[in-house]
Structure formats: structure tokens, C-alpha cells
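Overview (structure and organization)
Below, each chain spelled out in residue letters.
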Amino acid sequence: MKLTIKQILTSNENWWRFYEKHQATLRTAILICVVKLLSCKNNIRGYQEYCCSNPTCYHIKRVPFTCKCKACSSCGKKATEIWIHKQHQILPRTSWQHITFTMPSELWDFFWCNRKLLNKIAKLATDCLKAIAAKKKIILGIFIAIHTFGRSLKRNVHIHVSVTNGGLSEDLSRWRNLFFKKSVLMPIWRYKVIALFRKTHRKKPLIIPNAIQKQLNPLFTFNHFLNKLYKKHWIVDCAKPSTDHKHNVTYLGGYVKRPPIAESKLRHYDGNEVTFNYLDHTTNTRKKMILTTEEFIGRFVQHIPDGNFRMIRYYGFLANRVRSKLLPLVYQLLGQKMQADHSDATYAQLMQQTFGFDPLTCILCGNPLLLNLVQFGKSSVHQLLLYHRELALLKKIPT
């Protein structure tokens, strides 16, 4: 049987015990997200009821409403498929390059102590690309995904970028090619990040993580600490350009909407410890991680973003404020036609595309299922929080 995050949270009262122990330090976004996850596909949220269109068949199917929570694996899968579907329709079919901007591990904890830095760091990666493009008077197409986790669920702040290998000329009259090299990008990225930390700290001193604070003294100040990091070689990974439009979108789709760990990586849970597999990039080998339940939950929930924080962002000719004007020009210069239908794929369409079957077909007689009833439940955050304990402990909830 497939092991799920929800099972781990509800088994042995794991989440409730974790919540009672750490509630003083849990961000509101974490509490809201977990409560939503616990209510996913629970009748408390309501459901749609379908009946068979064959009058002689009495099959009835109930489809509970989902949570659409960023930490929910099943909802994350659906959100990813919807996002990929949209990008196939929106993004021009040209050469794209995937670039990953990383930073030294000594900086990772700063983003938990100073969460506003996450908003500022996102734009720096695109500024590196735009600085190079500006010299050649090119307007790029860029979208990014902000990541705070590594494959072992440890803190690891980095930026995934997908950028067109070229763009519009500044006079909007032609398409010009451009290729990015890590040897050029790395020093720019390193300078911009260190400059951000210096500037922010001058305006209002940053909260310095304990491990770093212990290193500082009058002879080794915060500026000395940053100078030391500036002398390091930072990793900026530039993948080879690809013209496979479907592959480009699908590849990055795996980074943009999914929770910190895919449930397919979960291997075992014995009531006390959680075992999962992950790929170690430093050795390119698959490793096994065993954590206590409390450690696993702590690592998992720390990566839940704050409310309204945008993990995916668009820049250049894909920026929302200029997209309607510039994107048609891009398509015209590339000799392509824009697709008119930008509607979301339906639940049934996604199931058909992903698993190859129609969920709205009767399993008894094969006839189409018809919507018979919509039962609305408790779906607002306020309503769900009132039943936090019942959801966490799998108690009966009054209807």
C-alpha cells in the first residue's frame, strides 16, 4: 500500500503531538497548510456525487473536494499538470536553457531568520541574465521557481530558471539569439547576493543564525564573514539548450508545484521512524534517509511557504504587465501561432492524460457518469481550523 504524508501526520497522533510541542514557533502558514492537507478528500470539505446515466444501473460515485494545498502531494500533482498544460499553450517553441543558481550552505539559515530575503533573492537570478542581455539589447523570456529544500529535505535555498536562448531586440523588430555560460553568470550572481546581504544589513541588522553568530567577534565581523564567502566558488549550473518544447516545460514542471518530497520516495514507516530515498547530487548515487517522525515532520513543514508567497515568477517578455503586448510579437517573429484556448484542464481530462482512464465512466456498465449532487462543506480556513484537533486525531466531525 502506498505510504502518504497524510498517513504519517495522522498515525499515532504524530501531527497533534508535534503541534502541541512546537506551536509557539510554528508559522501561521504552516498551521493553515497542514490543516488543509488533513482535510483533503474528507467529506468535511463537501463532495460531488455522480450517478450512472444507465437507468438500470444504480452505481453512485462520490468525489470529495480536495485541499489545493502546496504541501499536498496529490493536489500538487494536479496543480503541476494544470501548470504544464497552460505553459504548453503560452510559451513560444524555441530554444530554452535551464539554469540553477545556488549559494554556499552558510547562507541558507539566514532565509529562515529573515524571511523577507526570499522575496529579494528571487529577482537577483533574473537580474544576472538581464544584465547580460541588456548589453546586447535583447528582451528575454524568463520564468523561475524558488526552492528552499534539497532532496534530503534539508535547507537548501536555490533558484531554478528557464530562459529563452535569445529574445526580442529592443526595437521589437527581430529575434536575436543569446547563450548563457556559467563562467560569466557565476561572478555576477555571487556579487549580487553578497551585495544584497551587505545592503540589507546596513539598513537594518539581519538576524544572524546561532551557528554563524558563534563565529563572529570584533576581529571577525559579519562583513569579514561575507568577504570569506565572496572568495568561494559558487555553483551555477547551466544545462545545454533544448528545443524540445514539451520536455522543457515538463522538466521544470517537476520543480514548480510539488511539495518538498514526492510520496513515491517514501519507503517505510514503522510508527517511530520514516525512511525515504533521495538522489545525492554530490556523488550521483541514491541514498536512504531514516528520520524520527518528529524530525521528518519538522523538515517537511519548514519548507511550506508563507501565504501569498509566489514560488513561480515571470520576467522579460513573459512578465504579466507586458506579456499581452510582447508575446504576440515573439510568436510573429518566430513564425508561430498562439493557441487561443488557455482554459484549465478538467479533473477528468487530467486523469485521462496521466493515467489513461476516464474517471467519469461507470465501473460497472461502462456508461458515462452524470453529476447528480454538489454537497458543499466546511472549506474556509476559519472553519477548518475549528476542527484542527478532530482532523489531526481522526475524530468524528459533526456535519
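Summary of the structure given here.

What counts as what
Residues take numbers from 1 onward in each chain, read along the sequence in its written order. Whole-chain, interface and lining totals are the exception, using all residues; otherwise, since this is a predicted model, local features are given only for residues with pLDDT of at least 70 and side-chain atom pairs are given and counted only at 80 or more. Side-chain numbers come from the whole structure's heavy atoms, not from hydrogens or water. Only DSSP runs of H or I with at least four residues qualify as helices, and only runs of E with at least two residues qualify as strands; both kinds are numbered from the N terminus onward. The quantity called the radius of gyration is restricted to C-alpha atoms. Its globule counterpart is 2.2 Å times the number of residues to the power 0.38. The cut-offs for exposure are 20% and 50% of the maximum accessible area for each residue type, with area from a 1.4 Å probe on protein chains only; residues under the lower value are buried, those over the upper are exposed, and the others partly exposed. Two residues qualify as a contact provided that any one of their heavy atoms is within 4.5 Å of a heavy atom in the partner residue. Within this scheme the basic residues Lys and Arg register as positive and the acidic residues Asp and Glu register as negative, but His and the chain ends are omitted. Here the site of a charge means atom NZ of a Lys, CZ of an Arg, CG of an Asp or CD of a Glu. The rule for pairing is simple: two strands pair if DSSP sees at least two bridges between them. All axes are obtained by fitting lines to C-alpha atoms, using only the stretch in contact for helices, and the reported angles, taken between N-to-C directions, cover 0 to 180 degrees. The disulfide definition used here is simple: a pair of cysteine sulfur atoms within 2.5 Å. Between the first and last residue of a helix there are one fewer steps than residues, each counted as 1.5 Å, and that sum is the expected span. What we call the bend at a residue is the angle made by axes fitted to the seven residues finishing there and the seven residues starting there. When the centres of two rings from Phe, Tyr and Trp lie within 6.5 Å, Trp using its six-membered ring, the rings pair. Their planes under 30 degrees apart give stacked, over 60 give edge-to-face, and anything left gives tilted. In this analysis the charged atom, NZ for Lys or CZ for Arg, is taken to sit over a ring once it is within 6 Å of the ring centre and within 35 degrees of the ring normal. Any pair of nitrogen or oxygen atoms within 3.5 Å is treated as a polar contact; in protein, a donor-acceptor pairing is required on top of that, and neighbouring residues in sequence qualify only through side-chain atoms on both sides. Only residues above 30% relative accessible area that lack a salt bridge enter a patch, with like-charged residues linked at up to 9 Å and the nonpolar side chains Val, Leu, Ile, Met, Phe, Trp and Tyr linked at up to 5 Å. With residues, only the protein chains shown are counted as cover, and all accessible areas are computed by Shrake-Rupley using a 1.4 Å probe. Salt bridges are counted wherever a side-chain nitrogen of Lys or Arg sits within 4 Å of a carboxyl oxygen of Asp or Glu.

Quick look at the overall build of the protein
Per the secondary structure count, the protein includes 15 helices and 12 strands. Relative to the compact-globule value of 21 Å for 399 residues, the protein shows a C-alpha radius of gyration of 24 Å, a close match. Each principal axis of the C-alpha distribution contributes one length, and for the protein these read about 75 × 60 × 40 Å. Scored against the burial criterion, the 399 residues of the protein give a buried share of 49%. Of all intrachain contacts in the protein linking residues separated by at least 6 positions in sequence, the fraction that spans at least 24 positions is 72%. In the protein, which carries 62 positive and 22 negative side-chain charges, the distance between the mean positions of the two groups comes to 8 Å.

Digging into the environment of L393
Along the chain, L393 falls in the segment after α15 (388-392). Its relative accessible area of 12% is what places L393 among the buried residues. In sequence terms L393 and F110 are 283 residues apart; their C-alpha atoms lie 34 Å from each other. Not counting residues up to four positions away in its chain, the partners in contact with L393 are E13 and W16.

Quick notes on unusual backbone geometry
Positive phi, close to 55°, is recorded for N12, a residue that is not glycine. In this fold, N12 is placed in the loop between α1 (5-10) and α2 (14-22). Looking at N12, the relative accessible area reads 46%, which means it is partly exposed. A positive phi angle, close to 55°, is found at K137, a residue other than glycine. Following the sequence through the fold, K137 ends up in the loop between α6 (116-135) and β4 (138-149).

Quick look at the sheet that holds strand β8 (residues 266-269)
Here we have three strands laid out as an open sheet, ordered β8-β9-β10, and antiparallel in their pairing. A strand with exactly one partner marks an edge of an open sheet, and here the two such strands are β8 and β10 (285-292). Each adjacent strand pair in this sheet contributes to an overall mean axis angle of 25°, direction not counted. Both β8 and strand β9 (residues 273-280) contribute to a ladder of three bridges, which runs antiparallel. Note on β9: the bridge partner recorded for Y269 is V274. This element, helix α11 (residues 293-301), spans β8, β9 and β10 of the sheet and lies at about 110° to β10.

Thoughts on the state of the cysteines
Inspection of every chain in the model, using the stated rule, returns zero disulfides. Residue C52 stays outside any disulfide, its sulfur separated by 3.3 Å from that of C365, the closest cysteine. When its relative accessible area of 8% is taken as the criterion, C52 is described as buried.

Thoughts on the sheet that holds strand β1 (residues 46-52)
Strand order in the open sheet made by the three strands is β2-β1-β12, with antiparallel pairing throughout. Looking at strand neighbours, the two that pair on one side only are β2 (60-64) and β12 (369-376), the edges of this open sheet. When strand polarity is set aside, the average angle formed by the axes of neighbouring strands in this sheet is 25°. Relative to β12, β1 is paired through seven bridges, and the arrangement is antiparallel. Residue pairing for β12: G46 is matched across the bridge by F376.

As for helix α12 (residues 320-333)
Spanning 14 residues, α12 covers 20 Å between terminal C-alpha atoms, matching the ideal 20 Å at 1.5 Å per step. Considering bend angle alone, the principal kink of α12 is centred on L326 and spans about 40°; proline P328 follows within four residues of it. Every buried residue belonging to α12 is among V322, R323, L326, L327, V330 and Y331, and all of these are buried. G335 occupies a position one or two residues after α12 and carries a positive phi of about 70°.

A look at the packing of aromatic side chains
Using the criterion set out here, one finds 17 aromatic pairs in the structure. Through a chain of ring-to-ring contacts, the aromatic side chains of F110, F111, F197, F222 and F225 assemble into a single cluster. Geometry around Y230 places R190 over its ring, the cationic atom sitting 4.9 Å from the centre. One cation-aromatic arrangement involves R323 over Y314; the distance from NZ or CZ to the ring centre is 4.9 Å.

A few points about the side chain of T148
Structurally, the position occupied by T148 is in strand β4. Within the structure, T148 has its side chain in polar contact with the side chain of H303 (distance 2.9 Å). Look past the residues within four positions of T148 in its chain and what remains in contact with it is W112, L118, K154, R155, N156, V157 and H303.

Concerning a positive patch on the surface
There is a patch of like positive charges on the surface, built from K116, K120, K199, R202, K203 and K204. Those elements that provide at least two residues to the positive patch are α6 and α7 (182-203). Counting residues per element, the positive patch draws most heavily on α7, which supplies three residues. As for its placement among the helices and strands, K120 is situated in helix α6.

Any link to function would need more than the numbers given here.
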